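# Survey of secondary and tertiary structure
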Amino acid sequence: MGGRSSSPLDKRQQQHLRGQVDALLRNFLPKYRVQLAASVLRQISKELGPQEPAGCQLLHSKKLPRVREHRGPLTQLWGQPPQWQPIFCVLRGDGRLEWFSHREEYENGGRPLGSAALTGYTVLTSQREYLHLLDALCPDSPGDHIQEEPDPLLETPVNFPLFLQHPFRRHLCFSAATGEAQRAWRLALQGGIRLRGTVLQRSQAPAARAFLDAIRLYRQHQGHFGHDDVTLGSDAEVLTTVLVRELLPALRAKTLPSLRGAGRARAWAWIEVRMGSRRWGRDSRGAKLLDAIHVAVLAQASTGLRAFQPEKDELLAALERTIRPDVDQMLQLRERVAGRLRAKVQGPLESCLHRKVDAQLPQVTWTLLNTVEAALAAVQTLIVQGMDRLFCHLRGSPSGARLRKEVYSFGEMPWDPELMQTCYREARRSQRHLGQLAAPFGFLGGRSLLFGAQDLAQQLMADAVATFLQLADQCLTMALDCDQAAQQLEKVRGRVLKKFQSDSGSAQRRFIREWQLRIFLPFVLSQLEPSCKAELSEFEGDVLSVGSPALTIEGIYEDVVRGVLLQRIDGGEPYSLWLVIPW
């Protein structure tokens, strides 16, 4: 399990999936074009508006987020029939996992037995926990009295397992030789999963923001208002998740009854599914159907987005040329329409906030604060400890080579999964409680929130380390002895910590506001949908008169709702329409 697929989907199956992806793109790309226009208008308006003072005191690290490469021997459950077999595994810096038959094959540049981008996976290190997951995946129906067939997981207990579970792909089952190796692999794999998952969220490019907004609107039009983890991954991976989620219920309903066994045996067969419904036919060559569907949809979505790229580039350039000369007129019209629209929806909106949101808002805010505050406090502790280690070696008059090694280690702190685990663990502490608080609002994005807090901790650590190293380089000269150098570094330490405290405070406030919006805004929009959406048609003519895709009545309406909600979140302070979206 986890090696190469034994065969691809047949031509009829591939054609069906191409049609599904093409239909998704036909419905999605118009929304993406509109959001690209809105992003350009927002960017130009921010450039021309009053500039806020620089909020960051720390230097921004120029090192891109990455995973520290990890490699070593493991055993893997694979083959036909599945057996535990030795392999050599490599986690690449971009979050891709590869495995080879032995170390020499990797070192000689050989082709891997298999590989997987870690987007969407979850790491489990308990065999019992994994078996419980199988139980939940295919629960027995009341009429099932079939004796479970033995499976390799039950026959062969595993001391140090590493189960990589994915909702739409084959599970990957590995085992380490020791508990220490298992822990090192778990931390490395978790880092790869987070790196792959948050690629769009970390991006500040207008196109990335537009894509995420377009996905949200696409799903809202399908009735999915609550924020969840569908946006984890690259643009093609997000589209794949959206479509496979749509296909999955029908595929499960038609496939599961044909699988042998019950409970875990059936779940195992589903993961390794070889037989499809009447639509898919019978795959006599033993292809892993669900995994093959995911691979095919991902390839087709990637192709579609690449084909759209030239049009997107031309569209962005054209929008820049057409919007900038008329931006003042567009913003004035937007404000006029927003004012009239706000008067229309104010009553139902205030009633919804009073009845549904106000009571829960303080608890959600407090839990979000605890989540991010504890993680950033752990970052500060690690920074202080790292600087102390440097001072200790400097005062001890080490050799130049040893000091260079310590400086390098200090610079690598943000990318050290073992070291950063303290911060990441603090971010996880209140995750379950927050999920319970936010669940009534349809919020199912706990993993995205956790990854966001961990990304923030890593970014602030990287910025603090980069700032310290640059300031230290500026003040240290060959003329200074060790005591003088230590005194200079003490001053640098004070400056860095002061800058870090300022930036971490600002980052906490931005993080809390952003996630308050993600929790409450979709819920409020869903509550207002039956009554307020009908009021929008009377404003449509005013917006259409501008003749620009950058202005839509739906966009103005959502920004009005967002602005009123932010007033509630921030204690009633009024906001300009163009300051209501935290970027």
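As a starting point, this report considers the structure included with it. Since this is a predicted model, take the numbers as computed values, not measurements.

### Focus: the overall build of the protein chain
- Per the secondary structure count, the protein chain includes 19 helices and seven strands.
- Out of the 583 residues in the protein chain, the part that is buried amounts to 50%.
- Total accessible area on the protein chain is roughly 27400 Å²; 53% of this is exposed by carbon and sulfur atoms.

### Considering the side chain of aspartate 455
- Positionally, aspartate 455 belongs in helix α16 (residues 446–475).
- With relative accessibility at 12%, the residue aspartate 455 sits in the buried group.
- Excluding its chain neighbours within four sequence positions, the residues that come into contact with aspartate 455 are Arg194, Thr198 and Arg202.

### Structural notes on the pairing of strand β6 (residues 161–165)
- Where burial is concerned, most of β6 is hidden: five out of the five residues are buried.
- Both faces of β6 are covered, namely the face carrying Pro161, Phe163 and Gln165 and the face carrying Leu162 and Leu164.
- Bridge analysis of strand β5 (residues 122–124) against β6 gives three bridges, and the strand direction is antiparallel. Along β6, the bridge assignment pairs leucine 124 with phenylalanine 163.
- The turn joining β6 and strand β7 (residues 172–175), which pair antiparallel and follow one another in sequence, is formed by six residues.

### Details of the side chain of threonine 467
- Here threonine 467 is to be found in helix α16.
- A polar contact is formed between the side chain of threonine 467 and the backbone oxygen of aspartate 463, at a distance of 2.7 Å.
- Beyond its immediate sequence surroundings of up to four residues, threonine 467 is in contact with Leu58, Leu59, Val496 and Lys499.

### Describing the packing of aromatic side chains
- For the structure shown, the criterion picks out 14 aromatic pairs.
- With a centroid separation of 5.3 Å and 70° between ring planes, the pair formed by phenylalanine 28 and phenylalanine 211 is classed as edge-to-face. Here the residue phenylalanine 28 occupies a position in helix α1 (residues 11–48), and phenylalanine 211 occupies one in helix α7 (residues 206–221), the gap between them amounting to 183 residues. One exposure class covers both phenylalanine 28 and phenylalanine 211, and it is buried.
- Residues tryptophan 99 and phenylalanine 174 carry aromatic rings whose centres are separated by 5.7 Å and whose planes lie at 70° to one another, so their mutual orientation is edge-to-face. Here tryptophan 99 is found in strand β3 (residues 96–100), whereas its partner phenylalanine 174 is found in strand β7, with 75 residues between them in sequence. Here tryptophan 99 and phenylalanine 174 have matching classes, each one buried.

### As for helix α14 (residues 417–428)
- Buried within α14 are the following residues: Met420, Gln421, Cys423, Tyr424 and Ala427.
- In the core, the buried residues of α14 are packed alongside α5 (179–197), α12 (361–395) and α16.
- Capping of α14 at its N-terminal end is provided by aspartate 416; its side-chain oxygen lies 3.1 Å from the backbone amide nitrogen of glutamate 418.

### Some thoughts on the packing of α1 against helix α11 (residues 327–357)
- Viewed as axis vectors pointing N to C, α1 and α11 meet at an angle of 105°, and their least axial separation amounts to 11 Å. One element, α1, and the other, α11, form an angle in the roughly perpendicular class. From α1, Leu41, Ile44, Ser45 and Leu48 reach across to α11, where they touch Val327, Met330 and Leu331.
- A per-class count over the contact of α1 with α11 returns six nonpolar, one polar and no charged.

### Regarding the environment of methionine 330
- Relative to the helices and strands, methionine 330 is located in helix α11.
- On a C-alpha basis, the gap between methionine 330 and alanine 550 in space is 9.0 Å, while along the polypeptide they are 220 residues apart.
- Sequence-distant contacts of methionine 330, that is, excluding residues within four places in its chain, are made with Leu41, Ile323, Val546, Ser548, Ala550 and Leu551.

### Let's talk about the pattern of salt bridges
- In total, this model carries 30 salt bridges according to the counting rule given.
- Notably, a salt bridge pairs glutamate 311 with arginine 33, separated by 2.6 Å at the nearest N-O pair. Of the two residues, glutamate 311 sits in helix α10 (residues 289–323) while arginine 33 sits in helix α1, which places them 278 residues apart along the sequence.
- On the accessibility criterion, glutamate 311 (34% relative accessible area) is partly exposed.
- When salt bridges with common partners are traced through the structure, they connect Lys63, Arg66, Arg68, Glu412 and Asp416 into a single cluster.

### So, the nonpolar core
- The biggest cluster of nonpolar side chains holds 91 residues, and the ones touching the most others in it are Phe468, Val524 and Tyr557.
- Per element, the largest residue contribution to this core is 20 residues, and it comes from helix α17 (residues 482–532).
- Two domains each provide a minimum of three residues to this core, namely domain 1 (11–60 + 202–277 + 284–324) and domain 3 (362–518).
- Every residue in contact with tyrosine 557, bar those within four places of it in the chain, is listed here: Leu341, Val345, Leu525, Leu528, Cys532, Lys533 and Leu536.
- Residues Leu24, Leu36, Ala214 and Val238 belong to the second largest nonpolar core, which totals 37 residues.

### Observations regarding the pairing of β7
- On β7, burial covers both faces: Leu172 and Phe174 on one face and Cys173 and Ser175 on the other are all buried.
- Taken together, the two bridges between strand β1 (residues 70–78) and β7 define a ladder with antiparallel strand orientation. Within the sheet, the bridge partner assigned to threonine 75 lies in β7 and is serine 175.
- Sheet topology note: the β6/β7 ladder contains four bridges and is antiparallel. In the sheet register, leucine 164 faces β7, and the bridge partner there is leucine 172.

About the thresholds
- Residues numbered from 1 in each chain as written.
- Predicted model: local features only at pLDDT ≥ 70, side-chain atom pairs only at ≥ 80, totals over all residues.
- Heavy atoms only, no water.
- Helix = DSSP H or I, 4+ residues; strand = E, 2+ residues; numbered from the N terminus.
- Buried < 20%, exposed > 50% of the residue type's maximum accessible area, 1.4 Å probe, protein only.
- Areas by Shrake-Rupley, 256 points an atom, 1.4 Å probe, with all protein chains shown as cover.
- Contact = heavy atoms within 4.5 Å.
- Pairing = 2+ DSSP bridges.
- Polar contact = N/O pair within 3.5 Å; in protein donor to acceptor, adjacent residues only side chain to side chain.
- Phe/Tyr/Trp six-rings, centres within 6.5 Å; stacked < 30°, edge-to-face > 60°.
- Axes fitted to C-alpha atoms, helices over the stretch in contact; angles between N-to-C directions.
- Parallel < 35°, antiparallel > 145°, perpendicular 65-115°, else oblique.
- Nonpolar A, V, L, I, M, F, W, Y, C, P; charged D, E, K, R; others polar.
- Salt bridge = Lys/Arg side-chain N within 4 Å of Asp/Glu carboxyl O.
- Core = buried A, V, L, I, M, F, W, Y, C linked by side-chain atoms within 4.5 Å.
- Domains from an automatic or database assignment.

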